[in-house]
Amino acid sequence: MRCEIRHTTEYRYPKPAWDSFNEVRLHPVQEVRQTLRSFHLSVTPEAEITSHKDYFGALVHHVHVHEPHTELRIEAQAIVDTHAVTLPLAAPMSVLEGARAANIEFLVPSPRVPAGDWPEIFEVRRPAPDDDLPGFLSDLNTGLHRRFTYDTKATAVSTPLAEFARHGRGVCQDFTHAMLGILRQLGIPARYVSGYLYSGGEMLGAEATHAWVEALIPGYGWLGYDPTNNCLANEKHIKIAHGREYSDVSPVRGTYYGGGQGKLEVAVHVYGEQ
């Protein structure tokens, strides 16, 4: 599937701001499941733009606006071809034993996915060593989708996982952090994925950047699960980056001098054709 993405971030300040420095993660990755055809980043007013790859391999752009300004517009455009995923073969949970040491960073607690009895909190049965790993992951994905309610007004970026667990209402970020907490407590390496979703009006979370989970299946690799929509990360999912949690992959963040309390507007449009 070919997808065309346009992601616009606009800041407006009541007073001139200057020395605005932003870290931008909007460049889709090149991997087996997707092919990046083109990418263009434009900034108004004129900015100094540099880039580097972060610890997890994502391409990060640094946008530095020196001059005073009351508006800042960052627009990323990309064309990506996505490809169908193959399903993994059945494999017992015990295959994870030899894979944990090399993926410890996706098993340990992090600020937004702290240690906790998340399987019990979310009423998830702990699997036995001979249970099927892909089957468990699929069932968990479905179970969390049914348990939680998608509600864009229920949580904010800073809402702790424990608070989301109490009321079960939130957005894709919350669904993803919950699944990560459960999987890591069960010894299944799992990482947070940021990207886009082409929905055609059929799926939840397409109004902004989307989030889902990638879980490790030894002998197969990393497979994406989207508990918000109860599906695998398929041809309608365009990946930007992965990390331990949202903080590792936030799309745009930065600092500036002056300006006062700025207002932020974000618009994401994903167009797709088979």
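The rules behind the values
Residues numbered from 1 in each chain as written. Predicted model: local features only at pLDDT ≥ 70, side-chain atom pairs only at ≥ 80, totals over all residues. Heavy atoms only, no water. Helix = DSSP H or I, 4+ residues; strand = E, 2+ residues; numbered from the N terminus. Expected span 1.5 Å × (residues − 1). Buried < 20%, exposed > 50% of the residue type's maximum accessible area, 1.4 Å probe, protein only. Contact = heavy atoms within 4.5 Å. Polar contact = N/O pair within 3.5 Å; in protein donor to acceptor, adjacent residues only side chain to side chain. Core = buried A, V, L, I, M, F, W, Y, C linked by side-chain atoms within 4.5 Å. Domains from an automatic or database assignment. Phe/Tyr/Trp six-rings, centres within 6.5 Å; stacked < 30°, edge-to-face > 60°. Pairing = 2+ DSSP bridges. Buried area = accessible area lost by both parts, 1.4 Å probe. Salt bridge = Lys/Arg side-chain N within 4 Å of Asp/Glu carboxyl O.

> Help me understand helix α2 (residues 133-147) in this model?
Residue pairs spaced three or four apart in an α-helix point in one direction, given the helix's 3.6 residues per turn. With 15 residues, α2 should cover 21 Å at 1.5 Å per step; its first-to-last C-alpha distance of 21 Å lies within 8% of that length. Turning to α2, its buried residues are Leu133, Pro134, Phe136, Leu137, Leu140, Asn141, Thr142 and Leu144. Looking at the buried side of α2, the elements it contacts are α4 (172-185), β9 (210-217), β10 (221-226) and β11 (231-232). For α2, the N-terminal capping position is held by Asp132, with its side-chain oxygen 2.8 Å away from the main-chain nitrogen of Gly135.

> What am I meant to see in the nonpolar core here?
Nonpolar side chains in soluble globular proteins tend to end up buried together. Counting residues in hydrophobic clusters, the biggest one holds 61 residues, and the most contacted among them are Phe122, Leu183 and Ile188. When residues of this core are assigned to their parent elements, the largest contribution, seven residues, is made by α4. Split by domain, this core shows at least three residues from each of two domains, domain 1 (1-81 + 249-271) and domain 2 (91-246). Sequence-distant contacts of Ile188, that is, excluding residues within four places in its chain, are made with Met93, Leu96, Phe106, Leu107, Leu133, Phe136, Leu137, Leu183, Ala215 and Leu216.

> Is there a simple way to explain the packing of aromatic side chains in this structure?
A complete count under the given rule lists 13 aromatic pairs for this structure. Geometrically, the ring pair formed by Trp18 and Tyr257 is stacked, given 6.4 Å between the ring centres and 20° between the ring planes. Here Trp18 is found in strand β1 (residues 2-24), whereas its partner Tyr257 is found in strand β13 (residues 252-258), with 239 residues between them in sequence. Look at Tyr192 and Tyr246: their rings are 6.4 Å apart centre to centre, the planes differ by 75°, and that puts the pair in the edge-to-face class.

> Looking at this structure, I do not really get the pairing of strand β12 (residues 237-243). What am I missing?
Within a regular strand, side chains alternate between the sheet's two faces. Burial analysis of β12 places seven of its seven residues in the buried class, the great majority of the element. Direction of pairing for strand β8 (residues 190-197) relative to β12: antiparallel, over a ladder of six bridges. Bridging from a neighbouring strand, Ser194 pairs with Ala241 of β12.

> Sorry, what's going on with the domain arrangement of the protein chain here?
Frequently, the measure chosen for interface size is the accessible area removed from exposure when the parts meet. For the protein chain, the assigned domains are domain 1 (1-81 + 249-271) and domain 2 (91-246). The straight-line distance from the C-alpha centre of domain 1 to that of domain 2 is 26 Å. With both chains or domains summed, domain 1 and domain 2 bury close to 2000 Å², and 63% of this area falls on carbon and sulfur atoms. For the salt bridge of Glu31 with Lys239, the shortest nitrogen-to-oxygen distance reads 3.6 Å. Between domain 1 and domain 2 we count eight residue pairs in polar contact (both at pLDDT 80 or more) in total.

> What should I look at first to understand the pattern of salt bridges in this one?
Oppositely charged side chains may form a pair once their charged atoms are brought near each other. By the definition in use, this model includes 20 salt bridges. One salt bridge connects Glu23 with Arg253, and the closest N-O pair in it is separated by 3.1 Å. Taken as a pair, Glu23 in strand β1 and Arg253 in strand β13 lie far apart in primary sequence, 230 residues in all. For Glu120, the salt bridge is made with Arg126, and the minimal N-O distance between the two is 2.7 Å.

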